Amino acid sequence: LPFLVTMLSTAVVYGLFALAVVFAYRMSRILFMCIGEIGMVTAYVFTFAWTAAGAGIAGFLLAALAALATNMVIGAALWLVLAAERRRDHFIGTVITIAVAIILMGLMTMLWGGTVEQMPLRNVQLRLGEIAFSSNGLITLAAGGGAILLVLVLFSRTSSGVIPWNRSGYVR
């Protein structure tokens, strides 16, 4: 059972990244090959900010804001860089996102030395009889699964899930 929780929490993280790739492609018709690197930079910023601000609730909220701001800046910069390619050559746009991935990996290595950072989360072992569960796995499973379900409901039950495309493939 603990293996199942670990497997499902990992699958939820991969599912969230897959949703990000689909959303980016759906909006721009460019395959974003740098989604993982954007996620890693955001995770490093979150961990750095949370550690610097203290591992409490206030530090968590500050780190979440810093991570969101980082993600928004990277996204806006990519949107501006890829603006012309969205109308012309989607392949060149994909190549640009590969270059951005390489740049972000270099930036992470330069700033954090390529070390693996651990988020300051307390991993409490929860027990159900003889079976021990990781609290981080359960939190990831609940939060990520909830986010995926929310997107599924939002896009299947509202008009937000329908993006109008004209014949040439661009958003009207």
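Scroll up to find the structure this text is about.
What you see is a predicted model, and the numbers here were worked out from it, not measured in a lab. (Residues numbered from 1 in each chain as written. Predicted model: local features only at pLDDT ≥ 70, side-chain atom pairs only at ≥ 80, totals over all residues. Heavy atoms only, no water.)

Help me understand the overall build of the protein chain in this model?
Of the regular secondary structure elements, the protein chain holds six helices and two strands. The order of α-helices and β-strands along the protein chain, N terminus first, is α-α-α-α-α-β-β-α. Taking all 172 residues of the protein chain together, the buried fraction comes to 27%. Excluding contacts between residues fewer than 6 apart, the proportion of contacts in the protein chain whose partners are at least 24 apart in sequence is 61%. For the protein chain, the exposed surface amounts to about 11100 Å²; the carbon and sulfur share of it is 73%. (Helix = DSSP H or I, 4+ residues; strand = E, 2+ residues; numbered from the N terminus. Buried < 20%, exposed > 50% of the residue type's maximum accessible area, 1.4 Å probe, protein only. Contact = heavy atoms within 4.5 Å. Areas by Shrake-Rupley, 256 points an atom, 1.4 Å probe, with all protein chains shown as cover.)

Honestly, helix H6 (residues 135-157) in this entry has me stumped. Any pointers?
It helps to recall that an α-helix has 3.6 residues per turn; residues three or four apart then point in one direction. Helix length check: H6 (23 residues) gives 32 Å between terminal C-alpha atoms against 33 Å at 1.5 Å per residue, within 8%. Those residues of H6 hidden inside the fold are in contact with helix H1 (2-28), strand E1 (125-128) and strand E2 (131-134). (Expected span 1.5 Å × (residues − 1).)

For this particular structure, what's the right way to read the side chain of Glu-37?
Take Glu-37: it is sitting in helix H2 (residues 35-53). With a relative accessible area of 15%, Glu-37 lands in the buried category. Glu-37 has contacts with Ala-101, Leu-104, Met-105 and Met-108, leaving out every residue within four places of it along the chain.

What's the story with a nonpolar patch on the surface in this structure? I'm lost.
A cluster of nonpolar side chains, Tyr-25, Leu-31, Met-33, Ile-98, Ile-102 and Met-105, forms an exposed patch at the surface whose accessible area comes to about 530 Å². Structurally, the position occupied by Ile-102 is in helix H5 (residues 90-112). (Patch = residues over 30% accessible without salt bridge, like charges linked within 9 Å, V, L, I, M, F, W, Y side chains within 5 Å. Salt bridge = Lys/Arg side-chain N within 4 Å of Asp/Glu carboxyl O.)

Hey, could you run me through the nonpolar core in this one?
Note that soluble globular proteins tend to have their nonpolar side chains buried in a common cluster. Counting residues in hydrophobic clusters, the biggest one holds 17 residues, and the most contacted among them are Phe-32, Cys-34, Ile-38, Val-41 and Leu-78. The contacts of Cys-34, once residues within four sequence positions are left out, are Leu-78, Thr-97, Val-100 and Ala-101. In terms of nonpolar packing, the next biggest core, distinct from the first, is built from five residues, Phe-46, Trp-50, Ala-63 and Ala-67 among them. (Core = buried A, V, L, I, M, F, W, Y, C linked by side-chain atoms within 4.5 Å.)

Looking at this structure, I do not really get the pairing of E1. What am I missing?
As paired elements, E1 and E2 share four bridges and run antiparallel to each other. Across the sheet, Leu-126 pairs through a bridge with Phe-133, a residue of E2. Taking the residues that link successive antiparallel strands as the turn, the E1-E2 hairpin has two residues, and the phi of Gly-129 there is positive, at about 70°. (Pairing = 2+ DSSP bridges.)

Would you take a moment to explain the environment of Thr-42 for this structure?
For Thr-42, the position within the fold is in helix H2. Overall, the relative accessible area of 13% leaves Thr-42 in the buried class. For the pair formed by Thr-42 and Ala-63, sequence separation is 21 residues and the distance between their alpha carbons is 9.8 Å. Ignoring sequence-local partners within four residues, the contact set of Thr-42 consists of Ala-67 and Asn-71.

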